[in-house]
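Coordinates in review
What follows is each chain in one-letter form.
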Amino acid sequence: VCITVSATGPAASLGAPQQATVALLPREIAGQKIDYVTLDDASDPTVATRNVRKCIEERQADVLIGSSPTPSTIAIAGVAGETETPLLALSPAALPEQAERWSFRLSQPVSLMAAALVDHMKANGVKTLGFIGYSDGYGELWLDVMSEMLKGGDIALGPVERFARTDTSVTGQALKLVAGGPDAVLVVGSGTPAALPNLALAERGYRGRIYHTHGSASLDFLRVAGEAAEGTILPVGPVMVAAQLPDEHPSKALGLKYGADYAAVAGAGALSPFGAYMFDAGQLLLAAVPAALNVAEPGTVEFRAALRDALEGMNETVGVNGTYSMSPTDHDGRDAQSRVLVEVKDGAWTYLP
């Protein structure tokens, strides 16, 4: 299993918990020892591509896992499609046909998360929505989905602003948003940089509702944004509020166990949905590898194809971020129970039933 994550660089708040979670992945499946090769791509798509190519060529990797930000995931998905190696993708990405055929996403689809936000906006009287998002694949994916979802409805989208993952200020963008006076603002970012719009909007006296995406569900966002994060609403995987979920939720028990095991590895209060994506990659391997082993031996073209088919055919595999049921036309495989809404209250995530 070849893993590339962004343990360093701008996306480290996503990649570091993923790297820490590798210690909690299954070490043996159906009597087959699992060998994990974990590499740091430093948040650079070029390095991520080099990592997986090297792992495939030198280690004959049977499956890839990665990467932390969307641009790097798009890059390695291209390699997965070219080499016909299954990829368990840790971030959302819109992919061309061949890359999509060999890729299966652990991060909830943007459409699923966006629908939860739009429902909340409508229920709370939002009529105008400002947007500030990353100027890359993740930001554009969210903008495309939200634009389509709001088309012809009661919520007008604008102003639309963008910023880079490496930016240290969004003052200009915040000024334009405040001048536009939207009822609410959607921030599309991740980790530490996602705090910049909250801070800039607060400094300029913005009093409207602020929404974020699941990319912001990190301790770094809470720490850096501080009081400016209070009241922010975002969709997250159920693992982030497992203790607050009703007992009948399918992900509650496994989510509580992962939370306790992760705390033992990374420390109390360090739980991250990004590490949870890595954990669910292990759950998918647990479900798919036995079927592939019945077809061929690891290290072969036939095994990789069989593993791809097993992943695509899995049904109701429970993870900490939801239940996975894939199909030839759905490589996300999640339903509404795979996301919940939370509000930041007193510097913590509070479940919104």
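Below: a short report on this structure. None of these values were measured; they are calculated from a predicted model. (Residues numbered from 1 in each chain as written. Predicted model: local features only at pLDDT ≥ 70, side-chain atom pairs only at ≥ 80, totals over all residues. Heavy atoms only, no water.)

With that out of the way, let us pick up the sheet that holds strand β6 (residues 87–89). Pairing in this open sheet of five strands is parallel, and the strands run β4-β1-β5-β6-β7 from one edge to the other. The two strands at the open ends of the sheet, each matched to only one other strand, are β4 (37–40) and β7 (103–105). For this sheet, the mean angle separating the axes of adjacent strands, direction not counted, is 20°. Relative to β7, β6 runs parallel, the two sharing three bridges. Its bridge partner being in β7, L88 is matched across the sheet by F104. (Pairing = 2+ DSSP bridges. Helix = DSSP H or I, 4+ residues; strand = E, 2+ residues; numbered from the N terminus. Axes fitted to C-alpha atoms, helices over the stretch in contact; angles between N-to-C directions.)

Further remarks concern the pattern of salt bridges. Where side chains of opposite charge bring their charged atoms close, a pairing between them can arise. Using the criterion set out here, one finds 14 salt bridges in the structure. A salt bridge links D136 to R165, with the shortest nitrogen-to-oxygen separation between them at 2.4 Å. One end of the pair, D136, is in the loop between β8 (128–134) and α6 (137–150); the other, R165, is in the loop between β9 (156–163) and α7 (171–180), and 29 residues separate them in sequence. Between R162 and E140 there is a salt bridge, with its nearest N and O atoms 2.7 Å apart. (Salt bridge = Lys/Arg side-chain N within 4 Å of Asp/Glu carboxyl O.)

Formed by 37 residues in total, the largest nonpolar core has its most connected members in L117, M121, L129, W142, M146, L186 and Y211. Listed by contribution, the elements that provide at least two residues to this core are α5 (110–123), β8, α6, α7, β10 (184–188), α8 (195–203) and β11 (209–212). Ignoring any residue separated from it by four or fewer positions in sequence, one finds L117 in contact with W142, L186, Y211, H212, I233, L234, P235 and L341. With 33 residues, the next largest nonpolar core counts I3, Y277, M278 and A310 among its residues. (Core = buried A, V, L, I, M, F, W, Y, C linked by side-chain atoms within 4.5 Å. Buried < 20%, exposed > 50% of the residue type's maximum accessible area, 1.4 Å probe, protein only. Contact = heavy atoms within 4.5 Å.)

Another point: the side chain of S13. Of note, S13 is situated in helix α1 (residues 12–21). Residues in contact with S13, not counting those within four places in the same chain, are G191, T192, D220 and F274.

One pass over the structure, following the stated rule, counts four aromatic pairs. Pairing Y258 with Y262 gives two aromatic rings, centres 5.6 Å apart and planes at 35°, and the pair type is tilted. Of this pair, Y258 and Y262 are both found in helix α10 (residues 252–266), four residues apart, which corresponds to roughly one turn of the helix. In this pair, the class of Y258 matches that of Y262, namely buried. (Phe/Tyr/Trp six-rings, centres within 6.5 Å; stacked < 30°, edge-to-face > 60°.)

Turning to the packing of helix α2 (residues 45–59) against helix α3 (residues 70–83), a few remarks are in order. Two elements in contact, α2 and α3, have axes whose closest approach is 8 Å; the angle formed by their N-to-C orientations is 30°. The orientation of α2 relative to α3 falls into the category roughly parallel. Viewed along their axes, α2 and α3 form a crossing whose handedness is right-handed. Of the residues in α3, those in contact with P45, A48, T49, V52, R53 and I56 of α2 are P71, S72, A75, I76, V79, E82 and T83. Its residues assigned to classes, the contact of α2 with α3 shows eight nonpolar, three polar and two charged. (Parallel < 35°, antiparallel > 145°, perpendicular 65-115°, else oblique. Left-handed = near helix turned anticlockwise from the far one by under 90°. Nonpolar A, V, L, I, M, F, W, Y, C, P; charged D, E, K, R; others polar.)

What follows is about the environment of R209. Locating R209 in the fold gives a position in strand β11. With residues near it in sequence (within four places) discarded, R209 still touches H120, N124, D183, A184, V185, G231, I233 and E343.

Between its first and last C-alpha atoms α6 spans 20 Å; for 14 residues at 1.5 Å apiece the expected length is 20 Å, and the two agree. For α6, the complete set of buried residues consists of Y138, G139, L141, W142, L143, V145, M146 and L150. On the buried face of α6, the contacting elements are α3, α5, β8, β9 and β10. Immediately downstream of α6, the backbone of G152 shows phi near 75°, a positive value. (Expected span 1.5 Å × (residues − 1).)

This part takes up helix α12 (residues 301–312). Its 12 residues give α12 an end-to-end C-alpha distance of 17 Å, which sits within 8% of 16 Å, the value for a rise of 1.5 Å per residue. Along α12, the positions that sit buried rather than exposed are F303, R304, A306, L307, R308, A310, L311 and E312. In this structure, the buried side of α12 is in contact with α3, β6, α4 (97–101), β7 and α11 (273–293).

Contact geometry for α5 and α6: axes closest at 10 Å, N-to-C directions at 50°. When the axis of α5 is compared with that of α6, the two are oblique. With respect to the hand of their crossing, α5 and α6 are arranged in right-handed fashion. Contacts from V110, S111, M113, A114, A115, L117, V118 and M121 of α5 reach α6 at L141, W142, V145, M146, M149 and L150. Looking at the contact of α5 with α6, its residues break down into 13 nonpolar, one polar and no charged.

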